[in-house]
Structures are given as C-alpha cells and as structure tokens.
Amino acid sequence: MYQNNLTFAKQCDQEDPLAHFRNQFLLPSDNKGNPLIYLCGNSLGLQPLQTQDYITAELKDWAKHGVEGHTDAKHPWLPYHEFLTNSMAKIVGAKPNEVVVMNTLTTNLHLMMVSFYQPTKTKYKIVVESDAFPSDKYAMESQLKFHGHDPKEGLILWQPREGEDLCRFQDLETIMESQGDKIALLMIGSTNYYSGQHFPLKKITELGHKYKCMVGFDLAHGAGNIQPNLHEVGADFAVWCTYKYLNSGPGSLGGCFVHERHANNEKLNRFAGWWGHNKDTRFNMRHEFDPLSGAEGWQLSNPPILSMAAIRSSLDVFEKAGFENIRNKSEKLTGYLEFLLDELDNNNINIITPRNKEERGCQLSIQLKNADKAFHTKLTKAGVISDWREPDVIRVAPAPLYNSFEDVFEFVQRLKKVL
Ligand SMILES: Cc1ncc(COP(=O)(O)O)c(C=O)c1O
Ligand SMILES: Nc1ccccc1C(=O)C[C@H](N)C(=O)O
C-alpha cells in the first residue's frame, strides 16, 4: 500500500488528521536556517510552541505573588503536580491515584527499588534485559551491593540467543523455571532503548508474579510512544521520563506508577519526604510521617514548577491529539520508514527492531554493517538528526506529533546518498 515517491508521501501528509500538530512545535534548523530532519524524539522531544507561554505564566505569577503564588497563582503551586495527574494517567493506562510526576527517572527507579526490592538471603536476584540502558543497570547493581549481594552474581541478564538481536519470552520463562525461587525482582525496560523491541508487559508481569517476584518497568522509551496499560497489566511499579516522547524539555521530571494494590501497603519500605505526607497536616509540622495514599505518597520534595509547567503544556497537546490517534499515525509512519528502508535493498542495512508493530513503537534501530561513527557524522552533515549507538546502530524515531511522511521520505533519500 505504500509507494516509494515524494508525491505519495505528500499525499499521506495531506490525509493525516494530525498533520496540523507539526505547526505547534518548534522544529530545529541549521546555522543557515535550513530546516533539519529531526528524527530524535527517542532522545529529546521537540518543544511545543505554547510551552514558553506556560512557563512565562509561572514566572509572572512568581513576580506578582512571591510566596503567595503557592496558593494565589492561576495554577497554584501547592497542588501543581495534581494538574498533571489525569492526563499522565491516561498516557500510561493507569488510575489517577497510581501516578505521580516527581524527581527524575533514575532517582525514581531507586525509590521504587527501596520499596519493591526487598531481598532475603535466598530470594534476592534481579532480572533485566541484557542490553538495558546503563543507568538502569547501575541502579540495580548498586541496590544489590547495598543489600550485601554481589551484583555479578545477583543480576541475571535476559539475553538474545547467539546470533540474534532480540530477546525471546521463552528464554525469560526458562530463567524463571530454573531460578525463580532465587529471584526477587523483574525489572525490564518496556521498550528497549537500543533495539526498540517492545516487550509483552502482561505476560512478563504474570510470569513474575507466578514466581512471587515483584515486577517493574522502565517506560523511558514507552511513555508517549506505546500505550503500556499499566493498571491492566498489573505491574507493581513503573518509572519513566518526560523529555523524550513527552516533549517536556531537557532533564525534565519523571513519572512514577505504583499499582493500587500497594496504595496503602505499610509493609513496604519507603524513603519519605514531606511532599508525600498527608496534605491536611503537612504544614502543621512536627507530625509523624503520615503517607498519602497511592503514588503521591512516594513524593519527597516540593517540585520544580517551571519544569512542571512544560509538562502541563505538553500533556495538553496529547489531550488535544488523543493518544489513540497518535499511535495510529505512528504505526503508519514507522511502517513507511520500514518500507522505504527495505526498498533500498542494501545488504549492509539490517533493521534490528521487530517487524511486528505490536512489538515496537516509533523507533527503528538500523544496523549498518561495516559503518562507524564517521558515517553517522556524514548523515548529520546531510541535515538529519538521529543518533548513533555503539557499535553500529543508528536509531531513527519519527514522532507522530511533529514528523511527517515527507520527513521520512527525505530521510531515506539522504541516507541513500550518504551510503
Ligand atoms: C531506559 C533509560 N533509563 C534511564 C535513562 C536515564 O534517565 P535519567 O537521566 O532521567 O535518570 C534513560 C535516558 O536517559 C533511558 O533511556
Ligand atoms: N537524557 C540525555 C541527555 C544527554 C544525552 C542523551 C540523553 C538521553 O536521554 C539518552 C537516551 N536515554 C537514550 O536512549 O540513549
């Protein structure tokens, strides 16, 4: 159904019900003002036009009200995180009291492991996909060490088979069959940062629970990209960032999910702070810690409002577009990219991301045999923003809110030239 020509790409853009959202983003250009082809939303999403106004409004309220802005700002700062909750809950398929925006991703991962990784002498191992993002692995290794275990022995890697790029669910089952009684936590990147493989979250959760393990997901590459349906999946916890597909700016805050079955679970360890304390008595001071029910109870500090304003802006764009529409377009757009790459018919190109759309989001990871980083530099000079991940992969992620079919077509033309 796809065609390898510009007229077809333009036709798709004309028929795309989300096409007008592109104008609501600031698209980067080079020093001479030529527009770049930006396919890097998997690393840093682009800025919605309205974000500046959302942030400026908070700066103005700060100027006008000073400390009184906590209660008198148009969007009062004391409950500000609550303005994000409903939209964020929809993005990850959760109930509002299961979700909170706070801290950053790796910080939240640690906080969640404090609660959901409570190893015993015999049941202490953690399973992770072998090529997880380094920060996640560092966090898990340091948690193992913190509890007195050897990370080399305690961290089990779920690996692709020899000669393959993707992990198979059956191999996770085999790990659980042989070591389930020693495993305390399954902590998997819902969508792997390198391969773009999206894992079967529900099957993984059920498998983990069968062996009495806690199950958590890192949705850094999933949130805003694929609907993870966290509540229905039944995961114990999840963490994510908002600077990739959620377009909320560099280093912006992260999100955190705690399943409602743990909302008031007093058996869990918790590192506490005053923002997680009962709102009615928070300012009475000198009270014993009285945690809020649900994910909010894990908050530590009063949050940075300027970052939250950017998240509120971005979530408003998602609300307007509707996540199902976004995902629909995403499947078509990435399908078009896949089609055009296949049309190149080049033996040095290997798409390692799964071919099946249920097992991937918008990113395709393109392995370029015999290429090195210099190749990627050439591609960048040709006006394409993508990223290179060692040893030989270019990650390309057409983001449905601001990328067009023409972007995808033009990218493949430039790739062909550089090849
Ligand atoms: C899967 C994954 N985990 C962790 C991180 C690190 O997140 P942060 O720097 O926000 O803690 C990233 C991206 O930077 C990521 O993609
Ligand atoms: N936050 C960053 C800051 C600087 C450079 C890269 C990042 C990334 O997000 C990398 C991303 N997590 C990745 O999947 O490679």
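By convention here, each chain's residues receive numbers from 1 onward along its written sequence. Whichever chain is written first is A, and whichever ligand is written first is 1; the rest continue in order. Only residues with pLDDT of 70 or above have their local features reported here, since the model is predicted, and side-chain atom pairs are shown and tallied only from 80 upward, although totals for entire chains, interfaces and linings are computed over all residues. As a rule here, side-chain values come from all non-hydrogen atoms in the structure, and water together with hydrogens is ignored.

Visitor: Tell me about helix α6 (residues 134-146), residues and numbers included.
Guide: Between its first and last C-alpha atoms α6 spans 18 Å; for 13 residues at 1.5 Å apiece the expected length is 18 Å, and the two agree. Burial classes follow relative accessibility: with a 1.4 Å probe on protein chains only, a residue under 20% of its type's maximum area counts as buried, one over 50% as exposed, and anything between as partly exposed. Numbering of helices and strands runs from the N terminus, with a helix taken as a DSSP run of H or I at least four residues long and a strand as a DSSP run of E at least two residues long. Within the span of α6, buried status applies to D136, K137, A139, M140, Q143 and L144. All buried residues of α6 fall inside an arc of 160 degrees around its axis, so they share one side. Exposed residues on α6 whose side chains face more than 90 degrees from its buried face are Y138, K145 and F146. Any two residues having at least one pair of non-hydrogen atoms within 4.5 Å are treated as being in contact. Elements in contact with the buried residues of α6: α5 (105-116), β5 (125-129), α7 (151-154), β6 (155-158), β7 (183-189) and β8 (214-218). Positive backbone phi, at 85 degrees, marks G148, one or two positions downstream of α6. What a helix is expected to span follows from its residue count: subtract one and scale by 1.5 Å. Summarising the geometry, the arc corresponds to the directions from the helix axis toward the C-beta atoms.

Visitor: So what's going on with the site of ligand 1? Which residues, and what values?
Guide: The environment of ligand 1 is formed by L105, T106, F133, D136, D218, A220, H221, Y243 and K244. Within 3.5 Å is the distance limit for a polar contact, defined as a pair of N or O atoms, with the added protein rule that one can donate a hydrogen and the other accept it, and that residues adjacent in sequence qualify only through two side-chain atoms. The side chain of H221 places a nitrogen or oxygen atom 2.9 Å from an oxygen atom of ligand 1. Relative to its free-state accessible area of 400 Å², ligand 1 is covered by the protein chains to the extent of 81%. Near residues are defined by distance, with any heavy atom within 4 Å of the molecule or strand qualifying the residue. Residue exposure ignores everything except the shown protein chains as possible cover, and the areas themselves are Shrake-Rupley values with a 1.4 Å probe.

Visitor: I'd like a rundown of the sheet that holds strand β4 (residues 99-102), residues and numbers included.
Guide: Taking strand neighbours across the sheet as the criterion, the seven strands line up as β4-β10-β9-β8-β7-β5-β6 in an open arrangement whose pairing is mixed. For this open sheet the edge positions go to β4 and β6, each flanked by a neighbour on one side alone. Going across the sheet, the axis of each strand differs from the next one's by a mean of 20 degrees, ignoring polarity. In this sheet, strand β9 (residues 237-241) lies alongside β8 in parallel orientation, the contact comprising three bridges. Paired with D218 across the strands is V239, a residue of β9. Along the sheet, helix α4 (residues 82-92) makes contact with β4 and β9, crossing β4 at roughly 110 degrees. Here, any two strands with at least 2 DSSP bridges between them count as paired. For helices, the axis comes from a line fit to the C-alpha atoms of the stretch in contact; other axes are also lines fit to C-alpha atoms, and the angle between any two N-to-C directions lies between 0 and 180 degrees.

Visitor: An account of the environment of K203 is needed here, citing residue identities and associated values.
Guide: Looking at where K203 falls in the secondary structure, it is placed in helix α9 (residues 201-210). Given the relative accessible area of 46%, K203 is considered partly exposed. Sequence spacing of K203 and E173 is 30 residues, and the spatial spacing of their C-alpha atoms is 10.0 Å.

Function cannot be read off these values alone, since they describe shape.
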